[in-house]
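Okay, here's what each chain looks like letter by letter:
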Amino acid sequence: LSVSIMVAVIAVNSFAARAKYLITNDDVNGPNTISFYQPGGTASAPRLTLKKSVKTGGKGLGGGYFASSRLVFASDGGEECIFASEAGSTDIAGLVLSTQQVTGRFHGSRGDSGGLVGFGLATLGQYLYASFTGSYTIATFQIQSGCTLKFVKDVDAVGRNLGTGSGMAVSGNIMVVAYSDGSIGSFNIANGIPVPNNDEQLSTGTMEELGLPSGVIITSDGHYA
């Protein structure tokens, strides 16, 4: 289970200067916050200094699938944006990175739900995707100016054995999803909205060791997940 999701913003050279901020979705089981930490110290004695915590106006979950990314960076074409999932209020909080100001809380369809284990995020180009575990759906949002989101459409995301999406990653024209029932599958996102490739299968770890896939990364060349 996960309490916070952390992402570093990379800048320049030395250890202390390499990251401007480390940012967390605090995923508070109640009024949620996004926190900004300043990295410092040395490689052998690193340290983090809390600089600011921003109230989003939404509610977190305080747990869920640890491998689901609950905070992502994206660009609206002019500003760098932060988007954070908030399963307690079933919304996505938006912030402008440079000002650390909240731009709103954005919802999918009325049926979308973060359920008991929350929902993860992935982004590519002008689109952001949210895997709602409570409703077995993946919602597509369009990233708009001012670090805001416009809901586009839901698609069903159900594992081979009726599992819910526990992790996902996107690259090029493909989205790969790991399900809580041990299966994996992919979608074509060439036109933004995910279209199933109908290739769901049990993972090797599930078949050989009864393990369950939970997170997904895709190689930079897009050949392997």
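Here, every reference points to the structure presented above.
Residues numbered from 1 in each chain as written. Predicted model: local features only at pLDDT ≥ 70, side-chain atom pairs only at ≥ 80, totals over all residues. Heavy atoms only, no water.

Concerning the sheet that holds strand E12 (residues 148-156)
Within a beta sheet, neighbouring strands are joined by backbone hydrogen bonds and run either parallel or antiparallel to one another. Spatially, 4 strands are ordered E9-E10-E11-E12 in an open sheet, and the strand pairing comes out antiparallel. A single partner strand is all that each edge strand has here, and the edge strands are strand E9 (119-124) and E12. Pairwise comparison of adjacent strand axes, ignoring direction, gives a mean angle of 25° for this sheet. With 8 bridges joining them, strand E11 (residues 137-144) and E12 adopt antiparallel strand pairing. The residue bridging Ile143 from the neighbouring strand is Leu149, located in E12. (Pairing = 2+ DSSP bridges. Helix = DSSP H or I, 4+ residues; strand = E, 2+ residues; numbered from the N terminus. Axes fitted to C-alpha atoms, helices over the stretch in contact; angles between N-to-C directions.)

Structural notes on the state of the cysteines
Within the structure shown, the criterion is met by 1 disulfide. Between the sulfur atoms of Cys81 and its disulfide partner Cys147 the distance amounts to 2.1 Å. On the sign convention where negative means left-handed, the S-S torsion of about -80° between Cys81 and Cys147 marks this disulfide as left-handed. Within this pair, whereas Cys81 is found in strand E6 (residues 80-86), its partner Cys147 is found in the loop between E11 and E12, the two being separated by 66 residues in sequence. Residue classification places Cys147 among the buried residues on the basis of a relative accessible area of 0%. (Disulfide = S-S within 2.5 Å. Buried < 20%, exposed > 50% of the residue type's maximum accessible area, 1.4 Å probe, protein only.)

Quick look at the sheet that holds strand E5 (residues 71-75)
Within the open sheet, the 4 strands sit side by side as E5-E6-E7-E8. Their pairing is antiparallel. Edge positions in the open sheet fall to E5 and strand E8 (101-106), since each of these has one partner strand only. With direction set aside, neighbouring strand axes in the sheet form an average angle of 25°.

Thoughts on the pattern of salt bridges
One pass over the structure, following the stated rule, counts 2 salt bridges. A salt bridge links Asp27 to Arg70; the nearest nitrogen and oxygen atoms lie 2.6 Å apart. Here Asp27, found in the loop between strand E2 (19-25) and strand E3 (31-41), pairs with Arg70, found in the loop between strand E4 (46-59) and E5; they are 43 residues apart in sequence, far enough to count as distant. Owing to a relative accessible area of 3%, Asp27 belongs among the buried residues under this scheme. We classify Arg70 as buried; its relative accessible area is 1%. The closest approach of N and O atoms between Asp91 and Arg105, which form a salt bridge, is 3.0 Å. (Salt bridge = Lys/Arg side-chain N within 4 Å of Asp/Glu carboxyl O.)

Note that every value here comes from positions in space, so none of it alone points to a role or purpose.
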